[in-house]
Every structure is written in structure tokens, then in C-alpha cells.
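Understanding the architecture of this molecule
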Amino acid sequence: MNNKTALAKTKMLKPQTKKSFTTYIMVTVVFVIMMILSSTGNVSSQIDGLLVPLCVYSILAVSLNLTVGILGELSLGQAGFMCVGAYASALFSIATKETILVEWVRFPLAILVGGIFAAIFGILIGIPVLRLNGDYLAIVTLAFGEIIKNVFAALYVGIDSKGLHIALNQADMNLEADGTEIIRGALGVKGVPNDSSFVVGFILLLITLIISYNYINSRTGRAVKAIRDNSIATESVGLNITKYKLITFALTAFLAGIAGALYSHNYSTLQASKFDYNLSILILVFVVLGGIGNIRGSVIAAIILTLIPELLRSINSYRMLIYSIVLIVMMILTSNEKARTFIVTNFGKLKGMVLKIFKRKDTAEKEVK
Amino acid sequence: MGFLNNLINGISLGSIYAVIALGYTLVYGIAKMLNFAHGDVIMVGGYVIFYSMTSFSINPYLSVLIAVIVCTVLGIVIEKIAYKPLRQATSLSVLITAIGVSYFLQNSALLLFGEKPVNFTSVVNVPSISLFDGQVVITGEAIVAIVVSILIVIGLSLFINKTKSGRAMLAVSEDKDAAQLMGININRTISLTFAIGSGLAAIAGALLCSAYPTLQNTTGAMPGIKAFVAAVFGGIGSVPGAMIGGILIGVIEILGRAYISPQLSDAIVFAVLILVLIIKPTGILGKKVREKV
């Protein structure tokens, strides 16, 4: 009786609600298991060091999936937005180190600052970029990512009694004797407080997931999906394409900025060279392997692809090669008509066989009863 | 005189970009895809020349020929394995595949040839020219790059406009389905395009590594992207456009490095791309294509 009402209740839930809650529960279960394991000392220091990066990568993958999967445009500038978030939050934390002493007030503010700055960059970049589409959009986001990285790597910022000094090399800064250098060009930022932890990472990942799922199923999200499937038809219905594209782009940038803040507060030094094109591609690999448009898949792929090479040191040197093969094979399997029919028919058979076996078990059990 | 030297360096680098950009422009015009792996074919060409010169001590010019053959075959193989199954797929899938191929070439090279850059010996033995009592020096590499790129552009224009296969390429770029109805073999034409583009990439590899003699697995990536910028700047799909765009990008890069900031020269080139796409997305010599329902 009880079972039946529960069943009826789950049937009443919308499929997308069910999907999102499964994901939340999945992530929470993994988090609790990892917390228990690490608090009882069952986790090697190697894995322990990976916990925060895992959250960072998952957030990045989910946020990129909003642009690639929901909007249907390829953005190769994810690392650039992350870089903006990382720098902005790191500078905020350093600047307020003395004024805001409580870590749990300062760090959320820093994260918010990182996200907002990244979102501003996303909008600024999005306005010219989103007039384009397809290959051009991809190459321009790549270009913006590289510009952001190069500018941060060439930037020197210092502060002294006269105020802020910004220059393109160390000598031009003209700092007073009491001044401190904040950004030192390619050497980056030093002395970022180590505020990140697995708990914070988990909370941010959960927030990211909640935002993403609600966004996809909202009115705006449906409009964005309509643009993906046929932009001309969407425009003719009277929807403002640029607006919806821009919102998605800004949201992707905001979440990438949050990931950047989490990343920068996990290490005490921060260098712009870390946020290169390869990082953007790595995130893209997560999205592609997890399934374009599949939020849960992105998280799973990010976790698996980060853990496996670390656990199996022997394949570590082949890691990048495997990633590239993943990209090619996944695309051919999902986009080629022949390959797709082959998979559907054969996996269909396999699924049928598995179901038959289970059914037999069921009937056998019933007979016993 | 410093300015003149920089200008000459810019034109010579730009000529190399032009040769790379031709490969992009041809493939984009005909297969309607951005071949991200094009830059990495340059790197493969460079390594082929390097090893045939050092390990087998083959004559430099013969080595370049071997590299052209290897890269041509490589281009055709890449097209057959990775791009052909995706003819009907969305541009997003094709682009991701192309990025995958680019990454595959880079990391295969990393595993095969190691991380350490090798010192490339120039394949050019043309003496350099000194002007104004040695104040302006034009290196042999620069002369060869400029002359070779001009010859390639002229040759390619003649090939496209005068030969039967060349006109088939034009027809396919205009309208694939109509071309097929006229009896043009689409697959063969696309293969031919990739073959020509990759062969040119090998020549570009020889020129690039002779002028900038460090060779490693990522050597081709940045010049490849910049050459794409050049192709867009000149108007994608246009052969003379690639030449003009290439030289402009080369000059902008070298002048930016000399007069603005050495670290920001890449950023300046990308800023040019963004400006071009905002102001005139079809580039200098490109045609405007209207989107139809």
C-alpha cells in the first residue's frame, strides 16, 4: 500500500524534476562517501588533493554544457572566463584580507566577485561574438580566451601610498618603497588565501547543478533550445535571439568564474599560463564524453576522466592522446547515421536480452513464492 | 631603418601565413568546415623534413618533397577517417572532431618525438641581401618565403580557374548538390582539396621552421590559428584574399611585437580578427552569403 502511493507520487513528478533530483542525490552520495573515506583516513593524499579540482572541473563542464548543449554553439574560451574569475576573486581576497577577517564571509564574497566579473566579461565578449555563429563563434571565443590569458600574463599591478599602479612591465610600475606588487606579470599572483575546501566545492557544484537544471527547464531555457534547433523559425515567432544567447553566454561565464574562484583559492599562487587553450579543450572533452546537453553526464565524465589518469599512472602519458580519440570517436558514433543505426539496433538487442534474463528471474522468484 | 627591417620580417612571416591560409581557405570553401588540424600537419611536415635530413642525410630539397608527399597522404587519410563520416552532421560535431584530430596529431608527436624542441637546420641556402650598408638585411629565408608564396598563389589560381579538377572544386564550393547532379564526384573533389591543402602545409612547415628553427609538437598550432585569422581577414574561400590577409597579419604581428609589447603580439592578432568579424565578417575579398530558410 505504502509502496503504491510512493510509486504514484514519483509518477506524478515531471520527468525533468526526477532527472535533476537523481543528479543531486548522486552528487550528494558521492560527496558523503568521499567525506567519510577521507575523515577516516582511507583516502590517499593524492586523491585528497584532487577533491577540489574535481569540483572545479565538474562546474566548468556543466557550465560549458549550457553553451554547447543547450545553445548549440561551441565556446573555446571557457578557460578565459575561468581566468577572469580566478584573478578577480584572488585580488578581492588579498585586498580584504585585513578588513574582513572571517573566512566564511570573505570567501563567498570573493566567489561572487569572481563570478560577476566573469559574467561581465561574458556579456562584453558576447555582444560582438553572438552576432556570429558556428565556426566563427568558436574561433572568436578561442581568440578572446587567448587575449585574456596574454593580457593577464603581461600585466603588472602594484599598490602603494599613491594608489594603484598598472603597467606592462615591472620597471614601468614606479612603485614607492612601501608599495606591494599584486600581479607580477607571468609570475602571477602570490599569497592567495587557501580558503577552498571540498565542502565549499561540493556546495558550489550543487548550486551550479540547481541553477543549470532550472535554467534549462525555464521559459528562457526552452527559448534557447528553440534557437539551437532552428534559429530562423525562433526569430520569426518573435523571440529576441541575441538576448537569449547573451543570457546563456553570461550564465556560462558566471559559473566558469565561480569555478575559477574555487580554483585560485585552492593554491596559493596563480599564473595566467594555466588558463590556456588546452584547459578549454579538456573541459570540452568532459562535455562531449558525458553527452552534449546532458548535465549529469558532464559531472560523471569530469570525475571519471580526472580520476582514471591519476589512479593509473601507467596511462598518464597517453592521457591527452586518449582524450583526442574520445573526441573523434564520440562524434563519429553520435553524428554518423550508419554508426548510430548500428549502435541502436545492436544495443537494442543487448538491452532486450538483459531484460529477458531479468524477467525470467522475476517469474522464477514468483513461482518459488 | 629598424622599421624597414620589421616590415620585411613581417612580410616574410606573412608569406608563410599566406601559404598556410590557402589550405584553410580551400577546405573551408569546399568542405564548409574549419580544419583545425591543418596547423598540426605543418608540424608533421617539419618533423619529416628534420628526420630525413638528420637521420637519413637526404638532400634538403628532396626532404621537402618527401614531406609534401607524407603530408598529402596524411591529409587524405584524416579526411577519409575523421571527416568523411560526418558529411551530414552539424557543424558543431565536425568542429569538435577537427579539434580532436588536431589534438591527436599534437600528442602523437609528443609521444613519438619527445617534449624537447629540436633545432631545425634551414633548408634554404640562398644568401641574404644587405641594403644601405648593412642597415637593412633581407635573409635568404625571407626571400624564399616571399617568392615561394607568390608562386604558389599564382599556380593555385591557375589550377582552380583553368583545369577541369580546379573548376570542379569551384562548382562544389558554389553548390554541392548541383555539382553532384552535373556529374562531379564530390568525394574525390573534397579529397583533392585536402591533398592540396596538406601538401601546401608541408611547404609552409619547411618555410616556417627554416625561419624560426625550433620544432616541437605545438609548433604548428599557433601559426595555424593565426593563418585562419588571415584567411578570415582576406575573405574566406578566396585565394588572393588568403595572400593579402596573410601578409597583413604577418606585418601586424611583427610591428605589434616591436612597438607595442612582445607578450601581447598574439593578443593583437586576435583583436584584429575580432574587429574584422564585427566590421566586415566576409573579409576583404569575401562574398556575402545570405542565409536561407
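What you see is a predicted model, and the numbers here were worked out from it, not measured in a lab.

**Overview of the overall build of chain A**
When you go through chain A residue by residue, the secondary structure sums to 14 helices and three strands. Counting only residues that meet the buried cut, chain A has 43% of its 369 residues in that class. Look at the contacts in chain A between residues 6 or more apart in sequence, and 77% of them connect residues 24 or more apart.

**Observations concerning the overall build of chain B**
Of regular secondary structure, chain B possesses 11 helices and four strands. Along the first, second and third principal axes, the C-alpha atoms of chain B reach 60 × 45 × 35 Å. Here chain B holds 293 residues, and 53% of them are scored as buried. Contacts in chain B between residues at least 24 apart in sequence constitute 76% of all its contacts with a sequence separation of at least 6.

**Topic: helix 7 (residues 198-216) of chain A**
Residue and element names in this part refer to chain A. Helix length check: helix 7, at 19 residues, gives a terminal C-alpha distance of 27 Å against a target of 27 Å (1.5 Å per residue), a fit within 8%. Of all the residues in helix 7, the buried ones are Val200, Gly201, Phe202, Leu204, Leu205, Thr208, Leu209, Ser212, Tyr213 and Ile216. Those residues of helix 7 hidden inside the fold are in contact with helix 2 (15-39), helix 3 (45-71), helix 5 (103-129), helix 8 (219-229), helix 10 (241-264) and helix 12 (295-311).

**A word on the interface of chain A and chain B**
In this complex, chain A contributes 36 residues to the contact, which on the side of chain B involves 34 residues. The set of elements that each furnish at least two residues to the side of chain A that touches chain B consists of helix 6 (135-154), helix 11 (277-290), helix 13 (319-335) and helix 14 (337-368) of chain A. For the side of chain A that touches chain B, the leading source of residues is helix 6 of chain A, giving 12 residues. Its residues assigned to classes, the side of chain A that touches chain B shows 26 nonpolar, seven polar and three charged.

**With respect to unusual backbone geometry**
Residue and element names in this part refer to chain B. Here Lys32, not a glycine, exhibits a phi torsion of approximately 55°, which is positive. Counting through the fold element by element, Lys32 comes out in the loop between helix 1 (2-31) and helix 2 (38-54). On the basis of neighbour count, Lys32 is assigned to the partly exposed category, with 16 C-beta atoms found within 10 Å.

**A word on the packing of helix 11 of chain A against helix 12 of chain A**
Residue and element names in this part refer to chain A. Interaxial distance between helix 11 and helix 12 falls to 7 Å at its minimum, and their mutual angle equals 120°. Between helix 11 and helix 12, the angle is such that the two are oblique. The crossing of helix 11 and helix 12 is right-handed. Judged by residue contacts, Val285, Phe286, Val287, Leu289 and Gly290 of helix 11 engage Gly297, Ser298, Ile300, Ala301, Ala302 and Leu305 from helix 12. Its residues assigned to classes, the contact of helix 11 with helix 12 shows eight nonpolar, three polar and no charged.

**Points about the environment of Gly201 of chain A**
Residues and elements named next belong to chain A. Mapped onto the elements, Gly201 comes out in helix 7. With 23 C-beta atoms packed within 10 Å, Gly201 lands in the buried category. Apart from the residues within four sequence positions on either side, Gly201 is in contact with Leu51, Val52, Cys55, Val56, Ser196 and Leu262.

**Some points on the domain arrangement of chain A**
A common way to state how big an interface is: give the accessible area lost once the parts meet. Partitioning chain A into structural domains gives domain 1 (16-323) and domain 2 (336-369). Measuring from the centre of the C-alpha atoms in domain 1 of chain A to the corresponding centre in domain 2 of chain A gives 40 Å.

**Details of the packing of helix 3 (residues 60-83) of chain B against helix 8 (residues 186-211) of chain B**
Residue and element names in this part refer to chain B. As a packed pair, helix 3 and helix 8 sit with axes 7 Å apart at the nearest point and diverge in direction by 140°. The angle between helix 3 and helix 8 places the two elements in the oblique class. Between helix 3 and helix 8 lies a crossing whose hand is right-handed. Facing Val64, Ala67, Val68, Cys71, Thr72, Leu74, Gly75, Ile76 and Glu79 of helix 3, the residues of helix 8 in contact are Ile190, Ser191, Phe194, Ala195, Gly197, Ser198, Gly199, Ala201, Ala202, Ile203, Gly205 and Ala206. Taken together, the residues of the contact of helix 3 with helix 8 sort by class into 13 nonpolar, seven polar and one charged.

**Some points on the confidence of the model for chain B**
Confidence along chain B averages 86 in pLDDT terms, with 97% of residues attaining 70 or more. Interface predicted TM-score (ipTM) for the complex: 0.81; the corresponding pTM is 0.84.

Thresholds, definitions, all that
Residues numbered from 1 in each chain as written. Chains lettered and ligands numbered in written order. Predicted model: local features only at pLDDT ≥ 70, side-chain atom pairs only at ≥ 80, totals over all residues. Helix = DSSP H or I, 4+ residues; strand = E, 2+ residues; numbered from the N terminus. Buried ≥ 20, exposed ≤ 12 C-beta atoms within 10 Å, placed from the backbone. Contact = placed C-beta atoms within 7 Å. Expected span 1.5 Å × (residues − 1). Nonpolar A, V, L, I, M, F, W, Y, C, P; charged D, E, K, R; others polar. Axes fitted to C-alpha atoms, helices over the stretch in contact; angles between N-to-C directions. Parallel < 35°, antiparallel > 145°, perpendicular 65-115°, else oblique. Left-handed = near helix turned anticlockwise from the far one by under 90°. Domains from an automatic or database assignment. pLDDT = per-residue confidence, 0-100.

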